[in-house]
Amino acid sequence: MAPGKPFDDDDEVTVNDGQALSVAEDATTPFVETVPEPVDDEVPEDAGAPPEPDTVALRTLAVASLLRRLELESRNAPLKEVEQLEAWVEEHGLHASFGPVAVELFDAPPGEWTEDDVASVGWAAEELAVLAWALNRAELPPMFARADVTPVLSTLPRSGDVTAFVGSATVRDLALIDEARALFATLEEAARAETWARGIAADPSLADDEENLEVVFDALVDEGFDRAAVTAVRGKQGAAVDALEQWSQVLVTQLFSSGSPHAALAFDAKRLSTLDDDALGTFLATCQLRSETLAWLLEGDEWAGDEDAATE
């Protein structure tokens, strides 16, 4: 499951408790695949159409509204304020971007959210940060930190007519959006490989998924990884751990190779291996949420449908 709307109701928690309403799968779930070189002007036949600027603007307001509802919850605001925000959201049809769980949270009286609800909704900041960037209203957030969208929220409508905001919306060039998607998708994969390696080190049974591990071993052949030699010394579990760690580093190295559009963001290939578990989990979650939002910006709801079908 990899939902394409900001607040779908498949609310699985991953990496840390209380994580985003739209984050998919446990971090130790195998999610390792080779990243093909992009082919210029190649568009998959089943690719969806990018959403129109007004659709992006309305989705941005929907995400912002849920974060504002979080703010009201955090300070135990009077019911009147909650009702005012809810009426404005309903007036402009912003609920259309919410799944049932998000609707339930949004409509709940002040004081009824759990600590996990508060933590989960807070992750919507990653979605808002990317949408604001796509609308030319902010820069992309730092790679190794959660997004701070306080400045963005202060510039977005929260009451009254939204016609001017929606009608004047423009979206960045699709090539730039695709570059950003490739960045965060590759970093997500690198973080997931490192996380899976740590999981296998702690629980050897996680290495039983031989099909996915074979993809990693095959991908490392050209990198000089001697599977037989490593297995002879460290056993099956150790070879899996070493392979996943190396694959993570290969992905980062390739991402920032000479001529990369991401060169200015380059960091040492071993940096992910130095992060503690909490920091790695946060990095994985932010990359996944940003990547998913960027994928929606490229393919709209068609992307969401393809992802859902792939997991049925």
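Fair warning: this is a prediction, and the values are worked out from it, not measured in the lab.

Right, let's get into the overall build of the protein. Counting its regular elements, the protein contains 12 helices and zero strands. Listing each helix as α and each strand as β along the protein from the N terminus yields α-α-α-α-α-α-α-α-α-α-α-α. Across the 312 residues in the protein, those meeting the buried criterion constitute 46%. In the protein, 76% of the contacts between residues at least 6 apart in sequence involve partners at least 24 apart. A total accessible area of about 14,800 Å² is found for the protein, and carbon and sulfur atoms account for 49% of it.

So, about the nonpolar core. The biggest cluster of nonpolar side chains holds 85 residues, and the ones touching the most others in it are Leu-128, Val-149 and Leu-297. Each residue touching Leu-297, except ones within four places of it in the same chain, is listed here: Pro-50, Pro-51, Val-56, Val-130, Leu-131, Ala-134, Leu-174 and Ile-177.

This part is about the packing of helix α1 (residues 53–74) against helix α4 (residues 115–122). Two elements in contact, α1 and α4, have axes whose closest approach is 10 Å; the angle formed by their N-to-C orientations is 145°. In terms of crossing hand, the pair formed by α1 and α4 is left-handed. Here Leu-66, Leu-67 and Leu-70 of α1 come into contact with α4, specifically with Val-118, Val-121 and Gly-122. Among the residues forming the contact of α1 with α4, the class breakdown is five nonpolar, one polar and no charged.

Of the volumes computed, that of the second largest pocket is approximately 290 Å³. Surrounding the second largest pocket, 15 residues form its lining, Trp-133, Leu-140, Leu-183, His-262 and Leu-265 being those nearest its centre. At five residues, helix α8 (residues 174–202) tops the list of elements feeding residues into the lining of the second largest pocket. Residues belonging to the lining of the second largest pocket are distributed by class as follows: 12 nonpolar, one polar and two charged.

Another point: the packing of aromatic side chains. Throughout the structure, instances matching the rule amount to five aromatic pairs. On the numbers, 5.7 Å between centres and 45° between planes, the contact of Phe-98 with Phe-106 is tilted. When the centroid spacing of 4.7 Å and the interplanar angle of 15° are considered together, the rings of Phe-144 and Phe-283 count as stacked. On the criterion of sequence distance, the pair formed by Phe-144 in the loop between α5 (124–134) and α6 (150–155) and Phe-283 in helix α12 (residues 277–310) is long-range, its members being 139 residues apart.

Here we come to the environment of Ala-132. With respect to the helices and strands, the residue Ala-132 is situated in helix α5. The exposure class assigned to Ala-132 is buried, which follows from its relative accessible area of 1%. Once the C-alpha coordinates of Ala-132 and Val-56 are considered, the two residues, 76 residues apart in sequence, prove to be 9.2 Å apart. In contact with Ala-132, other than residues within four places in its own chain, are Arg-137, Ala-138 and Val-152.

At a minimum axis separation of 10 Å, α1 and helix α2 (residues 79–91) run at an interaxial angle of 175°. When the axes of α1 and α2 are compared, the pair comes out roughly antiparallel. Counting all contacts with α1, which are made through Ser-65, Arg-68, Arg-69 and Leu-72, the residues of α2 involved are Glu-81, Val-82, Leu-85, Trp-88 and Val-89. Its residues assigned to classes, the contact of α1 with α2 comprises five nonpolar, one polar and three charged.

Charged atoms that come close allow side chains of opposite charge to pair. Using the criterion set out here, one finds 12 salt bridges in the structure. Between Arg-198 and Glu-194 there is a salt bridge; the shortest N-O distance is 2.9 Å. Within this pair, Arg-198 and its partner Glu-194 are both found in helix α8, separated by four residues, close to a single helical turn. Using a relative accessible area of 21% as the deciding quantity, one classes Arg-198 as partly exposed.

Scoring rules and cut-offs
- Residues numbered from 1 in each chain as written.
- Predicted model: local features only at pLDDT ≥ 70, side-chain atom pairs only at ≥ 80, totals over all residues.
- Heavy atoms only, no water.
- Helix = DSSP H or I, 4+ residues; strand = E, 2+ residues; numbered from the N terminus.
- Buried < 20%, exposed > 50% of the residue type's maximum accessible area, 1.4 Å probe, protein only.
- Contact = heavy atoms within 4.5 Å.
- Areas by Shrake-Rupley, 256 points an atom, 1.4 Å probe, with all protein chains shown as cover.
- Core = buried A, V, L, I, M, F, W, Y, C linked by side-chain atoms within 4.5 Å.
- Axes fitted to C-alpha atoms, helices over the stretch in contact; angles between N-to-C directions.
- Left-handed = near helix turned anticlockwise from the far one by under 90°.
- Nonpolar A, V, L, I, M, F, W, Y, C, P; charged D, E, K, R; others polar.
- 1 Å grid on protein atoms, 1.4 Å probe; cavity = no way out; pocket = protein on both sides within 12 Å on 5 of 7 lines; lining within 4 Å.
- Points joined across faces, edges and corners; volume = space filled by probe spheres on them.
- Phe/Tyr/Trp six-rings, centres within 6.5 Å; stacked < 30°, edge-to-face > 60°.
- Parallel < 35°, antiparallel > 145°, perpendicular 65-115°, else oblique.
- Salt bridge = Lys/Arg side-chain N within 4 Å of Asp/Glu carboxyl O.

Take it as geometry only, folks, not as evidence of what the structure does.
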